[in-house]
Amino acid sequence: MDQIIPNWPAPKQVKAFASTRRDGFSLGVYQGLNLGTHVGDEPSLVVNNRHWLAQQANMPSAPVWLNQTHSTVVVKQNEPTQQVLDADGVWTQTPGVVCSAMTADCLPVLLTNEQASQVAAVHAGWRGLANGIVENAVAQLNGPLMAWIGPAIGPDAFEVGDDVVQAFSAQIPQAVEAFQALPTKGKWLADMNLLVSQRLNRAGVEQIYYSNLCTYRDSERFYSYRRDGVTGRQASFIWIEP
């Protein structure tokens, strides 16, 4: 199975990876390992994809899946569950509980503390990021923490408007450094890695690592909503080995 292993010095009990669209059973615009049940794909194929992935990755239990709505809700999960949770972040201190965050351009943020006693997975689109989901996740965990930023839309591909610039710079003035003006008035390129780093730093997280992989530019390996519109979802996972 094609997987991206975080380039971070996490404790050996912490297992984490990001999936790609390679392999899997989905067809057409969802071709590959689509993990999203909400995007229009054949449900039975998504179930097969999820089951295959859990087996290939030797997960201790089926992942905890989220109904992601660009909120700032981060929930604690003490045991494996088949229930889909209404949240954009999930954390646990229970070994064997697999936290997940689905993405197709947004930032997947994985967190662990140095003691390997708590882990979290966060889905951070620009709205959730601007509204504080990363800070909400960090506040649940006991530090020192480290973060890994998985595959997401890159700084030369994420075009935004003035509203996004204002949403970030109104809270952190130096956020303007993450935006590059385009020739078209009111249009900017946004560096989400820099924006999430500023947020993590402000919340006290200094150890930050990046995949530096762009979902938009690599159609063979990643789904991208901004590129394709109707498409699948990859996911990032983290758990504590039981």
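Preceding this section is the structure that the text describes.
Cut-offs used in this document
Residues numbered from 1 in each chain as written. Predicted model: local features only at pLDDT ≥ 70, side-chain atom pairs only at ≥ 80, totals over all residues. Heavy atoms only, no water. Helix = DSSP H or I, 4+ residues; strand = E, 2+ residues; numbered from the N terminus. Buried < 20%, exposed > 50% of the residue type's maximum accessible area, 1.4 Å probe, protein only. Contact = heavy atoms within 4.5 Å. Core = buried A, V, L, I, M, F, W, Y, C linked by side-chain atoms within 4.5 Å. Salt bridge = Lys/Arg side-chain N within 4 Å of Asp/Glu carboxyl O. Pairing = 2+ DSSP bridges. Axes fitted to C-alpha atoms, helices over the stretch in contact; angles between N-to-C directions. Left-handed = near helix turned anticlockwise from the far one by under 90°. Nonpolar A, V, L, I, M, F, W, Y, C, P; charged D, E, K, R; others polar.

(A) Here's a closer look at the environment of Glu-177. Mapped onto the secondary structure, Glu-177 falls in the loop between α4 (162–169) and β12 (179–181). The exposure class of Glu-177 is exposed, given its relative accessible area of 58%. Ignoring sequence-local partners within four residues, the contact set of Glu-177 consists of Leu-194 and Gln-198.

(B) Region of the structure containing the nonpolar core. In this structure, Leu-107, Leu-111, Leu-129, Phe-168, Phe-179 and Leu-200 are the most contacted members of the largest nonpolar core, which totals 39 residues. Elements that contribute at least two residues to this core include exactly β8 (107–113), β9 (119–124), α2 (126–131), α3 (133–140), β10 (145–149), α4 and α5 (192–202). Ala-18, Leu-85, Val-90 and Val-119 belong to the second largest nonpolar core, which has 22 residues in total.

(C) Up close: the pattern of salt bridges. Applying the stated criterion across every chain yields a total of seven salt bridges. Note that Arg-221 is salt-bridged to Asp-2, the shortest N-O span being 3.0 Å. With a gap of 219 residues between them, Arg-221 in the loop between β14 (207–210) and α6 (225–228) and Asp-2 in the segment before β1 (3–4) connect regions that are remote in the sequence. Take Arg-221: its relative accessible area is 17%, and that puts it in the buried class.

(D) Highlighting the sheet that holds β9. Pairing in this open sheet of six strands is mixed, and the strands run β4-β6-β9-β8-β10-β14 from one edge to the other. Each edge of the open sheet carries a strand with a single partner, namely β4 (74–76) and β14. Here the strands of the sheet are splayed against their neighbours by 20° on average, with no regard to which way each runs.

(E) Structural view of the packing of α3 against α5. Between α3 and α5, the shortest axis-to-axis distance is 9 Å and the interhelical angle comes to 35°. Between α3 and α5 the crossing geometry is right-handed. Residue-level inspection shows Val-134, Glu-135 and Val-138 of α3 in contact with α5, the latter providing Val-196, Arg-199, Leu-200 and Arg-202. Considered class by class, the residues forming the contact of α3 with α5 number four nonpolar, no polar and three charged.

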